[in-house]
Amino acid sequence: MPSDAITPNAAPDDLVELGRITGAYGVKGWVKVQPHSAQADGLRRAKTWWLTRLAPETARGVVTSVPTAHRVLQARPQGTAVVAQLDGVADRDQAEAMRGYTVQVPRSEFPATADDEYYWVDLIGCAFYSDAEGEPARVGIVEDVMDNGAHAILRVVLQRAPAPGAEPEPRLDPKGRPMEMLVPFVAAHILAVDLSARRIDSNWPTEI
């Protein structure tokens, strides 16, 4: 790893993983990053990336290194990816050694969004409600956000109504797999987004 990395204990407490390094780009030490969503502004504009090495999964789970910071000298889009030159990474071998590292940026450094814009990472984990039956009802939780080229799509894991005091549980298909539905993230179907309440309201039908 580059010798100028900031000490691990300086890591901010609001780091958000925005992508992973997939390998080297060119021969001058640039790295190639696959963002977790089509919204890569946070990666491209950040002056510092916090990198974490993921070790192979063990019987006790995935072991990770402590995040270390690396100054971003240049970053630009390259197709669906982002390529960047990091301070202290001078050749292809060093860049290739970072393959698989996660790239994190403090949430506080994300560029501001307009009133009707949202970072995909903020939508993940929101409870999803539908009033298609006349009354708003929780039907699931947003597990992922994807891009179909025209707009974002929410992947919602369906949940059963919980018993009083219990947590919602996934609805399962006949083979025991969690049931999902895809919802276009467009104004015609998304009625409200309340990030403070971690809730999204829609009129999307929930029958599968």
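Rules behind the numbers
- Residues numbered from 1 in each chain as written.
- Predicted model: local features only at pLDDT ≥ 70, side-chain atom pairs only at ≥ 80, totals over all residues.
- Heavy atoms only, no water.
- Buried < 20%, exposed > 50% of the residue type's maximum accessible area, 1.4 Å probe, protein only.
- Helix = DSSP H or I, 4+ residues; strand = E, 2+ residues; numbered from the N terminus.
- Pairing = 2+ DSSP bridges.
- Phe/Tyr/Trp six-rings, centres within 6.5 Å; stacked < 30°, edge-to-face > 60°.
- Lys NZ or Arg CZ within 6 Å of the ring centre and 35° of its normal.

Engineer: In this structure, what is going on with the pairing of strand β8 (residues 102–106)? I would like to understand it.
Structural biologist: Side-chain direction in a regular strand flips from residue to residue, so the side chains alternate between the two faces of the sheet. For β8, the tally of buried residues reaches five of five residues, placing the bulk of the element in the interior. Of the two faces of β8, both are covered, the one formed by T102, Q104 and P106 as well as the one formed by V103 and V105. Sheet analysis places strand β1 (residues 15–25) next to β8, joined by five bridges and oriented antiparallel. From the neighbouring strand, R20 faces β8, where its bridge partner is T102. Here three bridges tie strand β3 (residues 48–52) to β8, and the two strands are oriented antiparallel to one another. Paired with W50 across the bridge in β8 is Q104.

Engineer: Before we go on, may I ask you to explain the packing of aromatic side chains in this structure?
Structural biologist: Given two aromatic rings, their pairing is described by the distance between the two centres and the angle made by the two planes. Considering all chains together, one arrives at two aromatic pairs under this definition. Geometrically, the ring pair formed by Y118 and F185 is edge-to-face, given 6.1 Å between the ring centres and 80° between the ring planes. Of this pair, Y118 sits in the loop between β8 and α3 (120–123) while F185 is found in the loop between β13 (180–184) and β14 (190–194), placing the two residues 67 residues apart along the sequence. Accessibility expressed as a relative area gives 19% for F185, which makes it buried. Directly above the aromatic system of Y129 lies the positively charged group of R199, at a separation of 3.6 Å from the ring centroid.

Engineer: Can you walk me through the environment of Y129 in this structure?
Structural biologist: Within the element layout of this structure, Y129 appears in strand β9 (residues 127–130). Residue classification places Y129 among the buried positions, given a relative accessible area of 18%. Taking the C-alpha atoms as reference points, Y129 and D201, separated by 72 residues in sequence, lie 4.8 Å from one another.

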